[in-house]
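Understanding the architecture of this molecule
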Amino acid sequence: MMQSGRLALAVLLSASLSACVVGPDFSRPLVPQAAKQEFGEAGTPEFAKASLPDQWWRLFEDPVLDGLIVRALQHNTDVRQASANLRRARALVREARAGQFPALTARGAANTNRVGTGANAGLGFAPAQPPEFELYELASDAAYELDLFGGVRRSVEASRADALAAAAELDSVRVSVAAEVARNYALACSNRLQLNVARDAVSNQERTLALVRRLHTLGRVAARDIHAAEGLLAQAEAALPALDAENRAAIHALRTLIGGEPGEDLAEVGKCEVPPEPRSAIPVGDGAGLIARRPDVRAAEARLASDTARIGVATAALYPSIRLAGSLATSGIDPNDLGRSANIGFSLGPLISWSIPVDGAARARVTAASAQADARLAAFDGAVLTALQETEQALARLKATTERSLTLAEAERAAAQSAYLTRIRFSSGKDNALQLLGAEADLLQARQALALAKAAKAEASVGVFRALGGGWEQAPQVVEIDARSKHPSQ
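These remarks concern the structure in this document. None of the values given here were measured: they were computed from a predicted structure.

**A few points about the packing of helix H4 (residues 151-217) against helix H5 (residues 223-257)**
Two numbers describe how H4 lies on H5: the axes approach to 8 Å, and their chain directions differ by 160°. Accordingly, the angle class assigned to the pair H4 and H5 is roughly antiparallel. Once H4 is placed against H5, the crossing between them reads as left-handed. A class-by-class count of the residues in the contact of H4 with H5 yields 23 nonpolar, six polar and 10 charged.

What follows is the structure in structure tokens.
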């Protein structure tokens, strides 16, 4: 009875101490107040102060692009890998939480036993037949480690933070995949636009060459004008193969991004002839929204929380651990004997162990964990600064490409009008062939420059959305694929 009282006292004392949790508590790191303000590059009509919406790619109002991104978020191999990493991290949370509960085991045995008698043969009383008997046993063991200093709880905190980091990294992959799909789609469209411009230039140069040759037969132009027209035609034709190859390369990239089979036809992509661009001002929000939304910043904060909790895990290892263990067993030479009280035995008691930190290794692990947390804090600060830098740079680039595109559009219209008037004057004999060829060359150059500017603007728009880090909030569910399904022999 006295022993039971001592055991109960030990349990009550341990329970009172279990509220102690060593190590620092995590608190969200501070960011500069200036980082929460509006973006300096966003004060133009191209941008709105509203927050970035879910699925930003829908601002392009392009159904083909919408379908490609949805498919990529479901089947892209990088997304599937990040999704598997998240499932693993969540499973490790459940494993860590299991340490907060007792561990139970059960066992049963049925053995045939024979007692050797050779040692007694020389004494003259060895039995003629060695005795044999059956032995049956049922037993159950239970063990529970009292989390006196919070080591288990800190381990759970660390694993939960790791799961949050894995979720943020999945979101980061989604952002990158969606942006890459949009970028390559815009690239395919812009290459098609440039290819069409080049083909129009070829057709136009063919007409000009035919006209110059006809006028040469009439004696109105010299032979050198024919050679000049032929040179311009060759230059226009030379641009076709490279543009066609770049268009096919963008489609190959899209096929890989969406997880398509090799050789799959993406006919709908080939029909796009104008790079997509947002139909309205791009909503960019402010710095505070950016920091809360960017997956890399959230991942850095979660990793910091995880490493902060691991300081507590390392600190708890400096102190003793108390483990309550108990077992209940019954045995007999007949199965019917298992239920008899005389055959039932038990054991119950605490086990105290302490790895005394005399060699400095345990304290070194605490110091190492603290240094790791300091490094994570620096990484978080760097992620915040990088997010702000990339966003401001992306906004600046989009403003510049927008202005350039508008200016080149005016230049293209002026060149087209000049070429039209020059052709009329040439047909009436008021301008010579050299003037016509020059006007045609200027128009070709203006159209090519405008096509390149539109491509740069589309890519800059995607760059803004990538920097803002949105699109994952309502991302389609990732299709879970069993790796074994690819190996029928398994």
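**Quick notes on unusual backbone geometry**
Positive phi is not limited to glycine here, since Gln55 has a value of about 50°. With respect to the element layout, Gln55 can be found in the loop between strand E1 (47-48) and helix H2 (63-75). The exposure class assigned to Gln55 is buried, which follows from its relative accessible area of 14%.

**Observations regarding the nonpolar core**
Grouped together as the largest cluster of nonpolar side chains are 60 residues, with contacts concentrated most on Phe39, Trp56, Ile69, Val181, Tyr185, Val269 and Val284. In terms of residues, this core owes the most to one element, H4, which gives 12 residues. Judged by nonpolar contacts, the second largest core, of 17 residues, contains Leu211, Val212, Val221 and Phe426.

**Brief notes about the pattern of salt bridges**
In total, this model carries 25 salt bridges according to the counting rule given. A salt bridge links Asp296 to Arg294; the shortest N-O distance between them is 2.8 Å. The exposure class of Asp296 is partly exposed, given its relative accessible area of 29%. Residue Glu440 is joined to Arg423 by a salt bridge in which the shortest nitrogen-to-oxygen separation is 2.7 Å. Here Glu440 is found in helix H10 (residues 433-468), whereas its partner Arg423 is found in helix H9 (residues 361-427), with 17 residues between them in sequence. Looking at Glu440, the relative accessible area reads 3%, which means it is buried. Owing to a relative accessible area of 24%, Arg423 belongs among the partly exposed residues under this scheme.

**Brief notes about the packing of aromatic side chains**
In this structure the tally under the stated criterion is five aromatic pairs. Both rings, one in Trp56 and one in Phe60, keep their centres 6.4 Å apart while their planes meet at 70°; by these two values the pair is edge-to-face. The pair Trp56 / Phe60 is uniform in exposure class, with both members buried. Their ring planes at 70° and their centres at 5.8 Å tell us that Phe60 and Phe465 sit as a pair that is edge-to-face. Residue Phe60 is found in the loop between E1 and H2, and its partner Phe465 is found in helix H10; the two are separated by 405 residues along the sequence. We classify Phe465 as buried; its relative accessible area is 0%.

**Details of the environment of Asn76**
Note that Asn76 resides in the loop between H2 and helix H3 (77-98). Along the backbone, Asn76 and Arg174 are 98 residues apart, and their C-alpha atoms lie at a distance of 9.2 Å. Beyond its immediate stretch of four places on either side in the chain, Asn76 contacts Arg71, Val177, Thr256 and Leu257. At 3.2 Å, the side chain of Asn76 forms a polar contact with the backbone nitrogen of Val79. Of the polar contacts made by the side chain of Asn76, one reaches the backbone oxygen of Leu257; its length is 2.8 Å.

Thresholds applied
Residues numbered from 1 in each chain as written. Predicted model: local features only at pLDDT ≥ 70, side-chain atom pairs only at ≥ 80, totals over all residues. Heavy atoms only, no water. Axes fitted to C-alpha atoms, helices over the stretch in contact; angles between N-to-C directions. Helix = DSSP H or I, 4+ residues; strand = E, 2+ residues; numbered from the N terminus. Parallel < 35°, antiparallel > 145°, perpendicular 65-115°, else oblique. Left-handed = near helix turned anticlockwise from the far one by under 90°. Nonpolar A, V, L, I, M, F, W, Y, C, P; charged D, E, K, R; others polar. Buried < 20%, exposed > 50% of the residue type's maximum accessible area, 1.4 Å probe, protein only. Core = buried A, V, L, I, M, F, W, Y, C linked by side-chain atoms within 4.5 Å. Salt bridge = Lys/Arg side-chain N within 4 Å of Asp/Glu carboxyl O. Phe/Tyr/Trp six-rings, centres within 6.5 Å; stacked < 30°, edge-to-face > 60°. Contact = heavy atoms within 4.5 Å. Polar contact = N/O pair within 3.5 Å; in protein donor to acceptor, adjacent residues only side chain to side chain.

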